[in-house]
Number of protein chains: 2
Amino acid sequence: MSKSIFYHAGCPVCISAEHDIIELVGKNNVEVVNIGEIRNRIEEAEKAGVKSVPAMVTPTGNVLHINYGASIADVKG
Amino acid sequence: MSKSIFYHAGCPVCISAEHDIIELVGKNNVEVVNIGEIRNRIEEAEKAGVKSVPAMVTPTGNVLHINYGASIADVKG
């Protein structure tokens, strides 16, 4: 199985969801990307269909928006 | 690891998320409950903090609302 990508922006909702997802999916199966810090990956997240964070893009390209921390517009600031 | 519970109501968003979650978490690690059909488990889902479906309650009791299919009020009808 190729990796999922979990995008977040450091918000409390994001951190909580990150812990849960890593526990459920396994640390080795998910790449965690903080687009609040690694800003040159915001565009990649948007292209994948991420509308808000936290969100996970599955190996098949589906986007799972998990709870709601902040919109991509908020992350862009 | 004890099981997560994935609550859904048969909506297209639910079915899509169900496939993704089962793929990611493993079929044996998640109980899938259609509260549109098994209506006597709606109350249990609400008590766990589920506000909308699809949603997953983790073994530690956290609720992950995954995308948005329908509110619990919609499911109650």
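Up top you'll find the structure we're talking about.
Here's a quick rundown of the structure. Since we're looking at a predicted model, the values are computed, not measured.

Let's shift gears to the pairing of strand E4 (residues 63–71) of chain A. Residue and element names in this part refer to chain A. Bridge analysis of strand E3 (residues 52–57) against E4 gives five bridges, and the strand direction is antiparallel. Paired with Val57 across the bridge in E4 is Val63. Hairpin connection of E3 to E4: five residues between the antiparallel strands, including Gly61 at a positive phi of 95 degrees.

What follows is about the relation of the copies chain A and chain B. At an RMSD of 0.0 Å, chain A and chain B line up after a rotation of 180 degrees and a shift of 0.0 Å along the axis. Considering both components of the superposition, the chain copies are consistent with a two-fold axis. Most of the interface of chain A is mirrored in chain B, where 100% of its interface residues again form contacts.

Below, the discussion takes up the interface of chain A and chain B. If you look at the interface, chain A gives 19 residues, while chain B gives 19 residues. For the pair chain A and chain B, the summed buried surface comes to about 1,300 Å²; carbon and sulfur atoms form 58% of the total. Applying the counting rule to chain A against chain B returns six residue pairs in polar contact (both at pLDDT 80 or more). At the level of elements, helix H1 (12–25) and E4 of chain A are the ones that each hand at least two residues to the side of chain A that touches chain B.

Before going further, it helps to spend a moment on H1 of chain A. Given 3.6 residues per turn, any residue in an α-helix points the same way as the ones three and four places further on. Residue and element names in this part refer to chain A. The terminal C-alpha atoms of H1, which comprises 14 residues, lie 20 Å apart, in line with the 20 Å expected from a rise of 1.5 Å per residue. Listing the buried residues of H1 in full gives Cys14, Ala17, Glu18, Asp20, Ile21, Leu24 and Val25. One or two steps after H1, the chain reaches Gly26, where phi turns positive at roughly 100 degrees.

Moving on: the environment of Ser2 of chain B. Here Ser2 of chain B lies in the segment before strand E1 (4–8). Spatially, the C-alpha atoms of Ser2 of chain B and Val50 of chain B are 19 Å apart, while their sequence positions differ by 48 residues.

Right, let's talk about the pairing of strand E2 (residues 30–34) of chain A for a bit. Residue and element names in this part refer to chain A. Bridging between strand E1 (residues 4–8) and E2 involves five bridges; their strand directions are parallel. Bridging across to E2, Tyr7 finds its partner in Val33. Viewed along the sheet, the connection from E1 through H1 into E2 turns out right-handed.

The next point concerns the environment of Ile38 of chain A. When you line up the elements, Ile38 of chain A lands in the loop between E2 and helix H2 (42–48). The spatial distance from the C-alpha of Ile38 of chain A to the C-alpha of Val13 of chain A is 18 Å, given a sequence separation of 25 residues.

This part is about the state of the cysteines. Residue and element names in this part refer to chain A. The tally for this structure, following the rule as stated, stands at two disulfides over all chains. The partner cysteine of Cys11 in its disulfide is Cys14, sulfur to sulfur 2.2 Å. Across the disulfide from Cys11 to Cys14, rotation about the S-S bond amounts to roughly 65 degrees, and the bridge is consequently right-handed. According to the relative accessible area criterion, Cys14 is buried, its value standing at 0%.

How each quantity is defined
For every chain, the first residue of its written sequence is number 1, and the numbers climb from 1 along that sequence. Labels are handed out in written order, letters beginning with A for the chains and numbers beginning with 1 for the ligands. Totals for whole chains, interfaces and linings use every residue, but because this is a predicted model, local features are given only for residues with pLDDT of at least 70 and side-chain atom pairs only at 80 or more, for both listing and counting. Only hydrogens and water are removed before side-chain values are computed, so all heavy atoms of the structure are retained for them. For two strands to pair, DSSP has to find at least two bridges joining them. Only DSSP runs of H or I with at least four residues qualify as helices, and only runs of E with at least two residues qualify as strands; both kinds are numbered from the N terminus onward. The superposition of copies rests on a least-squares fit of C-alpha positions from residues with pLDDT of 70 or more in both. Contact criterion: two residues are considered in contact whenever any of their non-hydrogen atoms come within 4.5 Å of each other. What gets called buried area is simply the loss in accessible area from a 1.4 Å probe that two parts show on being joined, summed for both. Pairs of N or O atoms within 3.5 Å make up the polar contacts considered here, provided that, within protein, one atom can donate a hydrogen while the other can accept it, and that residues adjacent in sequence are counted only when both atoms are side-chain atoms. Between the first and last residue of a helix there are one fewer steps than residues, each counted as 1.5 Å, and that sum is the expected span. Remark: exposure states derive from per-residue accessible area (1.4 Å probe, protein chains only) relative to the maximum for the residue type, with buried under 20%, exposed over 50%, and partly exposed in between. When the strands point away from the viewer and the connection leading from the first strand across the helix to the second strand turns clockwise, the crossover is called right-handed. For the purposes of this analysis, a disulfide is any pair of cysteine sulfur atoms at a distance within 2.5 Å.

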